[in-house]
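Listed below are the residues making up each chain.
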Amino acid sequence: MKRNFQFTLLFIGILSVIVACKNDEETEPINPQWKPADTEGQFVMNTFKSAGLGGSRDAIQKWNKSEVKYYFDKEGSNTKDLIEYASKVFSEINSLSQSPKFYETANADDADIILYSGRDTEFEKKYQLNLEGELKVGGTAFMTTGKNSNEIKKSVVWITSVFPELERKLITRHEIGHAIGLAHVSTQRSIMWDTVDIYYNPDEFTDLDKKYIQILNDKRVKSGMNFNEMIPIFQTYL
């Protein structure tokens, strides 16, 4: 019995070494000089520095949980339209995302993201949040992140109820982009450009935005990752 026990321990030890060596072989060192082969890939990677890494923040801001729940506050106005718009946006995001996935909840207490459609005064009164400077753009996303981290913990999204339908659709798509972790970019090819353009397709993300979402919500990506740490992810998609 003693010999068998020793043999088992020896076998487990050898197996552990083999597995460890195999894992080391599979983990390739990051090449900080790597660039996509084509100019479009380079453009996506360079603009992701703003969209996903927040520019000067230089770190991923993201939900680290695998499931994020969103809730529609029905006490506002034009909420039915918001539900229709936003549900389609989240469905599209889920089709592009590995992790997290976004699901509606009927319980406000369980919600990670709260969406509210209404007048600015109604929103400010209910949520005790100041919309100063946001009234002209018609929407905003308030974000709460973990202490000393970039992990998103909570988001409250306001969409004005008084803008025309097309603009409300576009603003909804833009603000949900913020709620999932995307920041502003300097290119009009993205719905995350800091000025919502009425010539965007209100029913679909741009091709550039789709790439941003795929990269950000790859299951390997975690909040706090920097540009160099993101290179293996870029290599997958670009």
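Going by the structure above, here's the rest.
In this report, the structure presented in the accompanying data block is examined. What you see is a predicted model, and the numbers here were worked out from it, not measured in a lab.

What counts, and at which threshold
- Residues numbered from 1 in each chain as written.
- Predicted model: local features only at pLDDT ≥ 70, side-chain atom pairs only at ≥ 80, totals over all residues.
- Heavy atoms only, no water.
- Axes fitted to C-alpha atoms, helices over the stretch in contact; angles between N-to-C directions.
- Helix = DSSP H or I, 4+ residues; strand = E, 2+ residues; numbered from the N terminus.
- Parallel < 35°, antiparallel > 145°, perpendicular 65-115°, else oblique.
- Left-handed = near helix turned anticlockwise from the far one by under 90°.
- Contact = heavy atoms within 4.5 Å.
- Nonpolar A, V, L, I, M, F, W, Y, C, P; charged D, E, K, R; others polar.
- Core = buried A, V, L, I, M, F, W, Y, C linked by side-chain atoms within 4.5 Å.
- Buried < 20%, exposed > 50% of the residue type's maximum accessible area, 1.4 Å probe, protein only.
- Phe/Tyr/Trp six-rings, centres within 6.5 Å; stacked < 30°, edge-to-face > 60°.
- Lys NZ or Arg CZ within 6 Å of the ring centre and 35° of its normal.

For the pair helix H2 (residues 39-51) and helix H6 (residues 207-216), interaxial distance at closest approach is 10 Å and the crossing angle is 70°. Here H2 is positioned roughly perpendicular relative to H6, judged by the angle of their axes. The crossing of H2 and H6 is right-handed. On the side of H2, the interface is formed by Phe43, Val44, Thr47, Phe48 and Ala51, while H6 contributes Leu208, Lys211, Tyr212, Ile215 and Leu216. For the contact of H2 with H6, the class distribution of residues is 8 nonpolar, 1 polar and 1 charged.

Attention now moves to the nonpolar core. Soluble globular proteins tend to pack their nonpolar side chains together in the buried interior. Ranked by internal contacts, the top residues of the largest apolar core, which has 50 residues, are Ile113, Leu115 and Phe234. Counting only elements with at least two residues in this core, the list comes to H2, strand S1 (67-73), helix H3 (79-96), strand S3 (113-118), strand S5 (152-160), helix H5 (165-180), H6 and helix H7 (231-237). Ranked by the residues each element gives to this core, the list is headed by H3, at 6 residues. Once residues within four sequence positions are removed from consideration, Phe234 is found in contact with Trp34, Met45, Phe48, Ile215 and Phe227. Membership of the second largest hydrophobic core comes to 9 residues, among which are Ile114, Phe123, Leu131 and Trp158.

As enumerated under the stated definition, the model contains 11 aromatic pairs in all. Relative to Phe234, the ring of Phe48 has its centre 5.7 Å away and its plane inclined at 80°; by these criteria the two rings are edge-to-face. Placement of the pair is Phe48 in helix H2 and Phe234 in helix H7, with a sequence separation of 186 residues. Residue classification places Phe48 among the buried residues on the basis of a relative accessible area of 0%. Ring geometry for Phe123 against Phe142: centres 6.0 Å apart, planes inclined by 20°, an arrangement best described as stacked. Of this pair, Phe123 sits in helix H4 (residues 120-127) while Phe142 sits in strand S4 (residues 139-145), and the two are 19 residues apart along the sequence. Residue classification places Phe123 among the buried positions, given a relative accessible area of 0%. What makes Phe142 partly exposed here is its relative accessible area of 22%. Cation over ring: Lys49 sits above Phe227, and NZ or CZ is 4.8 Å from the ring centre. Note that Arg173 overlies the ring of Phe205, its terminal NZ or CZ placed 4.6 Å from the centroid.

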